[in-house]
Amino acid sequence: MTAADQGRTDTYGPAKEFPAKVNGALSSTAGNAQEVADTVLRIIETPAGERKLRYFVSPQNFGVEEINALTKQVQANVLEAFGLAADTKFLKGKAVGSV
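All values reported here derive from a predicted model rather than from experimental measurement.

A. Up close: the overall build of the protein. Scanning the protein from terminus to terminus reveals four helices and zero strands. Going from the N terminus to the C terminus, the protein shows its helices and strands as α-α-α-α. Along the first, second and third principal axes, the C-alpha atoms of the protein reach 70 × 35 × 25 Å. For the protein, buried positions account for 5% of its 99 residues.

Put into structure tokens, the structure is as follows:
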């Protein structure tokens, strides 16, 4: 998508090329629907308590796996700092409040 005011866009210098470059990179790395379906099936088949919070599906990484790993660690640190780590840990067995 481009701006309606091409005159203004022309004043952006090299930055005016950013949208086309990002779109080109994303378009060239589009995955296929089967990869998504396979990942969903793998998630469904993963036993409760062993599923990850985030899954990555793409032929190109772009650093997303590293971002997800860092996010997981930061989240764990925050939960620990607030004393919530044990309270938010997955427990196998009966649901809370069940008889």
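From this point, the discussion proceeds with the structure in view.
B. Examining unusual backbone geometry more closely. The backbone of Phe-62 shows a phi angle near 55 degrees, a positive value even though the residue is not glycine. With respect to the secondary-structure elements, Phe-62 resides in the loop between helix 3 (33-45) and helix 4 (64-81).

C. The confidence of the model for the protein, seen in detail. The predicted model of the protein has a mean per-residue pLDDT of 87, with 92% of residues at 70 or higher. For the protein, per-element mean pLDDT is lowest for helix 1 (residues 6-9), which scores 86, and highest for helix 4, which scores 95.

D. Molecular detail of the side chain of Thr-46. On the secondary structure map, Thr-46 appears in the loop between helix 3 and helix 4. Judged by its relative accessible area of 17%, Thr-46 falls in the buried class. Of note is the side chain of Thr-46, whose polar atom sits 2.6 Å from the backbone oxygen of Arg-42. With near-sequence residues (within four places) excluded, Thr-46 lies in contact with Arg-51 and Tyr-55.

E. Representation of a nonpolar patch on the surface in the model. Residues Leu-70, Val-74, Val-78, Phe-82 and Leu-84 make up a contiguous nonpolar surface patch of roughly 470 Å² in combined accessible area. With respect to the secondary-structure elements, Leu-70 resides in helix 4. Residue classification places Leu-70 among the exposed residues on the basis of a relative accessible area of 55%.

Cut-offs applied
- For every chain, the first residue of its written sequence is number 1, and the numbers climb from 1 along that sequence.
- Local features in a predicted model are, by the rule used here, given only for residues with pLDDT of at least 70; side-chain atom pairs are given and counted only at 80 or more, and totals for whole chains, interfaces and linings are based on all residues.
- In computing side-chain properties, one takes all heavy atoms of the structure into account and sets aside hydrogens as well as water.
- Counting from the N terminus, the helices are the DSSP runs of H or I reaching at least four residues and the strands are the DSSP runs of E reaching at least two.
- Buried means the residue's accessible area, taken with a 1.4 Å probe over protein chains only, is under 20% of the maximum for its type, while exposed means over 50%, and partly exposed covers the values in between.
- What pLDDT expresses is the predictor's confidence in each residue, scored from 0 to 100.
- In protein, a polar contact requires one atom able to donate a hydrogen and another able to accept it; more generally it is a pair of N or O atoms within 3.5 Å, and residues adjacent in sequence count only if both atoms are side-chain atoms.
- Working rule for contacts: check all heavy atoms of both residues, and any pair within 4.5 Å makes them a contact.
- Here, patches come from residues exposed beyond 30% relative accessible area and free of salt bridges, joined within 9 Å for like charges and within 5 Å for nonpolar side chains (Val, Leu, Ile, Met, Phe, Trp, Tyr).
- Where accessible areas are quoted, they stem from the Shrake-Rupley method and a 1.4 Å probe; at the residue level, only the protein chains shown are allowed to cover.
- Here a salt bridge means any side-chain nitrogen of Lys or Arg lying within 4 Å of a carboxyl oxygen belonging to Asp or Glu.

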